[in-house]
Amino acid sequence: LDLMRRMPPTQIENNLAGIIELVPDLTESVLSAVDQPLKVQRCGATGKDYLICDYNRDGDSYRSPYSNKFDPPLADGCVPS
């Protein structure tokens, strides 16, 4: 993990993928110890930007807080009431 501190922060995703590929047994501990930058996605229904993270993720899809729709669409996605 000390190695990640020395790598350029702009390439953190590529660096994490490389480390996980080299040592797959450490995947869980590496991902929990290294902060990853937040990403922004645009809601297709409203055109507003929102942060994508584990809290609005279901599988490989992310739920927009503005329209409650998943992108890419999910037939059985879990949405709050």
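Residues numbered from 1 in each chain as written. Predicted model: local features only at pLDDT ≥ 70, side-chain atom pairs only at ≥ 80, totals over all residues. Heavy atoms only, no water.

(A) Region of the structure containing the overall build of the protein. Along the backbone of the protein there are 3 helices and 5 strands. In terms of overall size, the protein is more extended than a compact globule, its C-alpha atoms giving a radius of gyration of 16 Å where 81 residues would be expected to give roughly 12 Å. When each of the 81 residues of the protein is scored for burial, the buried share is 20%. Of all intrachain contacts in the protein linking residues separated by at least 6 positions in sequence, the fraction that spans at least 24 positions is 10%. Accessible surface, the protein as shown: approximately 6,400 Å² in total, 52% of it carbon and sulfur. (Helix = DSSP H or I, 4+ residues; strand = E, 2+ residues; numbered from the N terminus. Rg over C-alpha atoms; globule rule 2.2 N^0.38 Å. Buried < 20%, exposed > 50% of the residue type's maximum accessible area, 1.4 Å probe, protein only. Contact = heavy atoms within 4.5 Å. Areas by Shrake-Rupley, 256 points an atom, 1.4 Å probe, with all protein chains shown as cover.)

(B) Representation of the pattern of salt bridges within the structure. What the rule picks out here adds up to 2 salt bridges. A salt bridge links Glu13 to Lys39, with the nearest nitrogen and oxygen atoms 2.9 Å apart. One end of the pair, Glu13, is in helix H2 (residues 12–22); the other, Lys39, is in strand S1 (residues 39–42), with 26 residues separating them in the sequence. Judged by its relative accessible area of 40%, Lys39 is partly exposed. Its salt-bridge partner being Arg42, residue Asp49 comes within 3.2 Å of it at the nearest N-O pair. (Salt bridge = Lys/Arg side-chain N within 4 Å of Asp/Glu carboxyl O.)

(C) The sheet that holds strand S5 (residues 70–71), seen in detail. On the basis of which strands lie adjacent, the open sheet formed by 3 strands has the order S3-S4-S5 and antiparallel pairing. Single-partner strands in this sheet number two, and they are strand S3 (57–58) and S5. Two strands pair when backbone bridges link them, and strand S4 (residues 61–63) and S5 are joined in this way by 2 bridges, in the antiparallel orientation. Looking across to S5, one finds that Tyr62 is bridged to Asp71. (Pairing = 2+ DSSP bridges.)

(D) Looking closely at the pairing of strand S2 (residues 49–52). Two strands pair when backbone bridges link them, and S1 and S2 are joined in this way by 4 bridges, in the antiparallel orientation. In the strand pairing of S2, Val40 is matched with Leu51. The antiparallel pairing of S1 with S2 creates a hairpin that spans 6 residues between the two strands, and Gly47 there sits at a positive phi of about 80°.

(E) Molecular detail of a nonpolar patch on the surface. Where nonpolar side chains cluster on the molecular surface, the patch consists of Leu22, Val23 and Leu26 and spans about 290 Å² of accessible area. Within the secondary structure layout, Val23 lies in the loop between H2 and helix H3 (27–33). What makes Val23 partly exposed here is its relative accessible area of 36%. (Patch = residues over 30% accessible without salt bridge, like charges linked within 9 Å, V, L, I, M, F, W, Y side chains within 5 Å.)

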